[in-house]
Amino acid sequence: MMASRAGRTLSAVPVASLVAGLVLVGCTPAPADRAIRTSSSPSWEKGAGAPEAAAFMKIRIPQGATEVKGAVRVQPQENVHLLSFVTSERTAESITEDLRPDYPLAVEGPSSSSLSGDGFEHLGLTPPQALERVRTTSACPPCVGDSRRRHIQGIEIHISEVAKDRVRVYLAAY
């Protein structure tokens, strides 16, 4: 009888520890740089455009860039900052290198994107995943120790040709 009571007590200890841990985690405040979301569906932040998206990504919109567009999509987990512009091939590659991509830009068949919903269509653009021969890469600033962008979990980079030596850069950061 004593052994069976001890067995129940020992199995209850891990369960109690788990419950206590979950209660503590649930009561931990969100980090100061993270907004707590109450809405379960995405929406577009009013008044947020290319300057806000570029500031979040810590990049400068290139001088001479055209068709500059941006927006911020507010989502339950994190905001997605979208930025797009047309610039020279050389400038696009320089921006990509500054973002410290995980792998070189490459055409991977139909371009893929983790973005769902209206994304770049909200900006009046054909989304990169609907275009052919789009070069794609991604960057994980915390993974490579990019202290300038440590607040960003990931950046998707898509580059499509527009005309001779002109490309459209699509950036999505979250």
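For the structure, see preceding data.
Residues numbered from 1 in each chain as written. Predicted model: local features only at pLDDT ≥ 70, side-chain atom pairs only at ≥ 80, totals over all residues. Heavy atoms only, no water.

Focus: the packing of aromatic side chains
The full count for this structure, using the stated rule, is one aromatic pair. When the ring of Phe120 is compared with that of Tyr170, the centres are 5.0 Å apart and the planes differ by 85°; the resulting orientation is edge-to-face. You can see Phe120 sitting in the loop between strand E4 (106–107) and strand E5 (135–139) and its partner Tyr170 sitting in strand E7 (residues 166–173), a full 50 residues away along the chain. You can call Phe120 buried: its relative accessible area is 2%. (Phe/Tyr/Trp six-rings, centres within 6.5 Å; stacked < 30°, edge-to-face > 60°. Helix = DSSP H or I, 4+ residues; strand = E, 2+ residues; numbered from the N terminus. Buried < 20%, exposed > 50% of the residue type's maximum accessible area, 1.4 Å probe, protein only.)

A short note on the pattern of salt bridges
For the coordinates displayed, the defined rule picks out seven salt bridges. Put simply, Glu89 and Arg135 hold a salt bridge, and the shortest N to O gap is 2.4 Å. Taken together, the residues span a long stretch of sequence, with Glu89 in helix H3 (residues 89–98) and Arg135 in strand E5 at a distance of 46 residues. For Glu89, a relative accessible area of 21% gives the class partly exposed. Here the salt bridges do not stand alone but share partners, grouping Asp98, Asp146, Arg148 and Arg149 into one network. (Salt bridge = Lys/Arg side-chain N within 4 Å of Asp/Glu carboxyl O.)

A short note on the sheet that holds strand E1 (residues 43–44)
An order of E1-E2-E3-E7-E6-E5-E4 is seen for the seven strands of this open sheet, with the pairing classed as antiparallel. Looking at strand neighbours, the two that pair on one side only are E1 and E4, the edges of this open sheet. The sheet contact formed by strand E3 (residues 80–88) and E7 spans eight bridges and is antiparallel. Across the sheet, the residue bridging to Val86 is Arg168, located in E7. The sheet strands contacting helix H2 (residues 50–57) are strand E2 (66–74), E3 and E7, and the helix crosses E3 at an angle near 100°. Docked against the sheet, H3 engages E3, E5, strand E6 (155–163) and E7, running at close to 145° with respect to E3. (Pairing = 2+ DSSP bridges. Contact = heavy atoms within 4.5 Å. Axes fitted to C-alpha atoms, helices over the stretch in contact; angles between N-to-C directions.)

A short note on the nonpolar core
Residues Met57, Leu83, Leu99, Ile155 and Leu171 are the most contacted members of the largest nonpolar core, which totals 22 residues. Here this core gets five residues from one element, more than from any other, and that element is H2. The contacts of Leu171, once residues within four sequence positions are left out, are Met57, Ile59, His81, Leu82, Leu83, Phe85, Leu99, Phe120, Ile155, Glu156 and Ile157. Judged by nonpolar contacts, the second largest core, of eight residues, contains Ala71, Val80, Leu125 and Ala172. (Core = buried A, V, L, I, M, F, W, Y, C linked by side-chain atoms within 4.5 Å.)

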